[in-house]
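Structure at a glance
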Amino acid sequence: LLDICSFVPFKGHIFIFKALKYLIEKGYDKIKLKIAGYGYYEKELKKFINSNNLSKYVIFLGYFKYGSPQMIYEIKHSDAFIHPSVITKDDKEGIPGAIVEAMIAGLPVISTYHGGIPYVIENEKTGLLVKEWDVKGLAEAIERLVNDIELRRRLGQNAQKYALENLDLIEKEKELESIYDGLL
């Protein structure tokens, strides 16, 4: 599993860790979660990992630049992308760019019914969505992708097709420029 984002509470890292712990206790001890990014919440995340004996399952990759060879390598060498955003007292997010990047790369994505995410991921068609803080639901979504290579392939292909047709920023910019030109 891969997640690329800043280390802030609304990105849902603790939520992922709880689902991971649930799966490990269920016998899925080969799962690895790679996390790339940085932020003020990193110490809290590592504290949670250590206190819950998850150190051998969670790998911090550090920060790498958007579009860098390391980012491309990690996306190409992952089986699924996970980014279960949650509402916190201070924040929520719209459509995380990392989700769009994962979709364009053809990775199946697991996320939440949060902010703008359901506008780009259709549950069971272009990814898997769960309710915020539904640890068992998130664990079950991960388990489904671990056990079903065909589901991973189908969701990844559908996500890539949708993203390339509907989420291409350059194409959307051209459409917007055309509208502006028409108004002028």
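Residues numbered from 1 in each chain as written. Predicted model: local features only at pLDDT ≥ 70, side-chain atom pairs only at ≥ 80, totals over all residues. Heavy atoms only, no water.

Right, let's get into the pattern of salt bridges. Side-chain pairs of opposite charge can arise where the charged atoms are in close proximity. On inspection of all chains with the given rule, the structure shows 7 salt bridges. Among the salt bridges present, the one from E74 reaches K34, with a minimum N-O distance of 3.2 Å. A residue pair is termed long-range when its members are at least 10 positions apart, and E74 in helix α3 (residues 69-76) and K34 in strand β2 (residues 33-36) qualify at 40 residues. For E74, a relative accessible area of 5% puts it in the buried group. (Salt bridge = Lys/Arg side-chain N within 4 Å of Asp/Glu carboxyl O. Helix = DSSP H or I, 4+ residues; strand = E, 2+ residues; numbered from the N terminus. Buried < 20%, exposed > 50% of the residue type's maximum accessible area, 1.4 Å probe, protein only.)

In this section: the packing of aromatic side chains. The tally for this structure, following the rule as stated, stands at 5 aromatic pairs. Aromatic side chains Y38 and Y63 sit 4.9 Å apart centroid to centroid with 85 degrees between the ring planes, which places their arrangement in the edge-to-face category. Placement of Y38 in the loop between β2 and α2 (42-51) and of Y63 in the loop between β3 (58-62) and α3 is noted, with a sequence separation of 25 residues between them. Y63 shares its class with Y38; the two are exposed. Geometry around F60 places K46 over its ring, the cationic atom sitting 4.9 Å from the centre. (Phe/Tyr/Trp six-rings, centres within 6.5 Å; stacked < 30°, edge-to-face > 60°. Lys NZ or Arg CZ within 6 Å of the ring centre and 35° of its normal.)

Topologically, K32 is positioned in the loop between α1 (13-25) and β2. Expressed as a C-alpha distance, the spacing of K32 and K46, which sit 14 residues apart in the sequence, is 15 Å. Those residues in contact with K32, other than ones at most four positions away along the chain, are L1, K56, Y57 and I59. One polar contact links the side chain of K32 to the main-chain carbonyl oxygen of K56, over a distance of 2.7 Å. (Contact = heavy atoms within 4.5 Å. Polar contact = N/O pair within 3.5 Å; in protein donor to acceptor, adjacent residues only side chain to side chain.)

Below, the discussion takes up the nonpolar core. F17, L33 and I142 are the most contacted members of the largest nonpolar core, which has 34 residues in total. Taken together, the elements giving at least two residues each to this core come down to α1, β2, α2, β6 (128-130), α6 (135-147) and α7 (149-166). Broken down by element, this core gets its largest block of residues, 8 residues, from α1. If sequence neighbours within four positions are ignored, F17 has contacts with L33, I35, L45, F48, I49, L54 and V58. (Core = buried A, V, L, I, M, F, W, Y, C linked by side-chain atoms within 4.5 Å.)

A few words on unusual backbone geometry. Backbone geometry places E124, a non-glycine residue, at a positive phi of 75 degrees. Phi angles above zero are rare outside glycine, and W133 is one such case at about 65 degrees. Structurally, W133 can be placed in the loop between β6 and α6.

All buried positions along helix α4 (residues 97-104) are accounted for by A98, I99, V100, A102 and M103. In this structure, the buried side of α4 is in contact with β1 (2-4), β4 (81-83), β5 (109-112), α5 (117-120) and α7.

Below, the discussion takes up the side chain of S85. Mapping S85 onto the fold places it in the loop between β4 and α4. Given the relative accessible area of 0%, S85 is considered buried. Beyond its immediate stretch of four places on either side in the chain, S85 contacts F10, K11, E93, P96, S111, T112, H114, I117 and E132.

Their axes nearest at 8 Å, the elements α1 and α6 cross at an angle of 65 degrees. The orientation of α1 with respect to α6, classified from their angle, is roughly perpendicular. As for how α1 packs across α6, the hand of that crossing is right-handed. Here F15, I16, K18, A19, Y22 and L23 of α1 come into contact with α6, specifically with V135, K136, L138, A139, I142 and E143. In the contact of α1 with α6, the residues fall into 9 nonpolar, no polar and 3 charged. (Axes fitted to C-alpha atoms, helices over the stretch in contact; angles between N-to-C directions. Parallel < 35°, antiparallel > 145°, perpendicular 65-115°, else oblique. Left-handed = near helix turned anticlockwise from the far one by under 90°. Nonpolar A, V, L, I, M, F, W, Y, C, P; charged D, E, K, R; others polar.)

Residue alternation in β5 divides its side chains into two sets, V109 and S111 and I110 and T112, and both sets are buried. With 3 bridges joining them, β4 and β5 adopt parallel strand pairing. Residue pairing in the sheet places H83 in a bridge with S111 of β5. In the classification by handedness, the crossover that spans β4, the intervening α4 and the parallel β5 is right-handed. Two elements, β5 and β6, share 3 bridges in a ladder whose sense is parallel. Bridge assignment links T112 to a residue of β6, and that residue is V130. (Pairing = 2+ DSSP bridges. Right-handed = clockwise from strand over helix to strand, strands pointing away.)

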